[in-house]
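Summary of structural features
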Amino acid sequence: MKVELMSLSKRESKDVQVNSHGRMFIPGESSEQCIPVVRARGTDVFLAAAIDGRIATAKQLVEAGFDSIDDAIALAVRTSQNEAAIADVNEMFAGNTGDNGRVLCLTTNGHNRGASVLAIPVLFRDIARKLECGGLYILPSSVDEVLIVLDSWGKDEKVDAAMHMLMFVNRGEVPKDMVLSDNVFYFDAEEGKLRTID
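Since we're looking at a predicted model, the values are computed, not measured. (Residues numbered from 1 in each chain as written. Predicted model: local features only at pLDDT ≥ 70, side-chain atom pairs only at ≥ 80, totals over all residues. Heavy atoms only, no water.)

1. Re the nonpolar core
Short version of the rule: What makes a nonpolar core is a set of buried Ala, Val, Leu, Ile, Met, Phe, Trp, Tyr and Cys residues whose side-chain atoms join them at distances within 4.5 Å. Burial here depends on accessible area, computed with a 1.4 Å probe over protein chains only, as a share of the maximum for the residue type. Under 20% is buried, over 50% is exposed, and the range in between is partly exposed. In this text, helices come from DSSP runs of H or I with a minimum length of four residues, and strands from runs of E with a minimum of two, each type numbered from the N-terminal end.
With 37 residues, the main nonpolar core has Leu61, Leu118, Phe124, Leu136, Ile138 and Ile148 as its most contacted residues. Every element with two or more residues in this core is listed here: strand 1 (3-7), strand 5 (46-51), helix 3 (69-83), strand 8 (103-108), helix 5 (121-131), strand 9 (135-142), strand 10 (145-150) and strand 11 (184-188). Tallying contributions element by element places helix 3 first for this core, with 5 residues. One finds Tyr137, Leu139, Leu147 and Val184 within the second-largest nonpolar core, a separate group that totals 9 residues.

This is the structure:
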């Protein structure tokens, strides 16, 4: 049995509700059929635990031996972290922006709902340390991957341009069930925190 994280698309996230205990879930035909979800800290991205490649309901998590969604997510985070893969996509991105800064693509080895790496800030910390930069701009290109740009890439106007480009691509080129978010995120290496850029 393989347990991993899966990022929910923007469309799927619209169904997320919060119960009286503050737990987030996507409703099902019964409480057992609901899908427990969590939110990647500092973002508008929701994630669910998946068993053998399929998003799991509360009943399926219990049947798999998990006492809580937290236990399932903890295992899923470790699995996704171990399988995270980085590719250099500078040429593709530079062609769209006219910028020559370095850009990386971060996903999971299976490239399936790989944007779930947003729930693993330690990955961004390690990348920032290795590349010796103060922080990272993170662009969610789809539910399958995120693009990472070093904060030395540019000033606010370039970030603003990237946000507009992201929204344009999301609306015109990415299928609706694959769109993750229209927001750009920033990871502060010193604070170790991920946040949404308004």
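2. A few points about the packing of aromatic side chains
The condition is simple: The rule is short: rings of Phe, Tyr and Trp, with Trp giving its six-membered ring, pair when the centres are within 6.5 Å, and they are stacked under 30 degrees, edge-to-face over 60, tilted in between.
Scanning the entire structure with this criterion turns up 2 aromatic pairs. Ring centres of Tyr137 and Tyr186 lie 5.0 Å apart, and the angle between their planes is 55 degrees; this geometry places the pair in the tilted category. Residue Tyr137 is located in strand 9, and its partner Tyr186 is located in strand 11; the two are separated by 49 residues in the primary sequence. Owing to a relative accessible area of 11%, Tyr137 belongs among the buried residues under this scheme.

3. Comments concerning the environment of Pro27
For clarity, the cut-off: The contact rule is simple, with two residues in contact once any of their heavy atoms fall within 4.5 Å.
Locating Pro27 in the fold gives a position in the loop between strand 3 (24-26) and strand 4 (35-39). The partly exposed category is assigned to Pro27, whose relative accessible area is 39%. Not counting residues within four places of it along the chain, the set of residues in contact with Pro27 comprises Asp15, Gln17 and Cys34.

4. Quick word on the pattern of salt bridges
Here the idea is simple: oppositely charged side chains can pair when their charged atoms come close. Quick reminder of the rule: The term salt bridge refers to a pairing of a side-chain nitrogen on Lys or Arg with a carboxyl oxygen on Asp or Glu at a separation within 4 Å.
Tallied over the entire structure, the rule returns 5 salt bridges. Where Lys2 meets Glu83, a salt bridge forms, and the shortest distance between an N and an O atom there is 3.1 Å. Here Lys2, found in the segment before strand 1, pairs with Glu83, found in helix 3; they are 81 residues apart in sequence, far enough to count as distant. Of the charged contacts, one joins Lys10 and Asp182 as a salt bridge, the two residues approaching to 2.6 Å between their closest N and O atoms. Remark: Asp182 occurs in the loop between helix 6 (156-172) and strand 11 and Lys10 occurs in helix 1 (residues 10-13); sequence separation between them is 172 residues. On the accessibility criterion, Lys10 (34% relative accessible area) is partly exposed.

5. Regarding the side chain of Thr57
Among the structural elements, Thr57 can be located in the loop between strand 6 (54-55) and helix 2 (58-63). Overall, the relative accessible area of 10% leaves Thr57 in the buried class. Not counting the four nearest positions on each side in its chain, Thr57 is found in contact with Glu32, Gln33, Cys34, Ile35 and Pro36.

6. Focus on unusual backbone geometry
A positive phi angle, close to 50 degrees, is found at Asp52, a residue other than glycine. Along the polypeptide, Asp52 turns up in the loop between strand 5 and strand 6. Phi is positive for Arg113, which is not a glycine, with a value near 55 degrees. The topology assignment puts Arg113 in the loop between strand 8 and helix 5.

7. Observations concerning the pairing of strand 4
Two faces make up the sheet, and in a regular strand the side chains alternate between them. As a reminder, the rule being used: Whether two strands pair depends on DSSP finding at least two bridges between them.
Counting buried positions along strand 4 gives 4 out of 5 residues, so the element sits mostly inside the fold. One ladder, built from 3 bridges, connects strand 3 with strand 4; its direction is antiparallel. Looking across to strand 4, one finds that Phe25 is bridged to Pro36. In this sheet, strand 5 lies alongside strand 4 in antiparallel orientation, the contact comprising 3 bridges. Across the sheet, residue Arg39 finds its bridge partner in strand 5, namely Phe46. Connecting strand 4 to the antiparallel partner strand 5 that follows it, the hairpin turn spans 6 residues, and Gly42 within it adopts a positive phi of roughly 80 degrees.

8. Some words on helix 3
As a reminder, the rule being used: One fewer than the residue count of a helix, multiplied by 1.5 Å, yields its expected span.
The end-to-end C-alpha distance of helix 3, which contains 15 residues, comes to 21 Å, matching closely the 21 Å that a straight helix rising 1.5 Å per residue would cover. Along helix 3, the positions that sit buried rather than exposed are Ile69, Ala72, Ile73, Ala76, Val77, Thr79 and Ser80.

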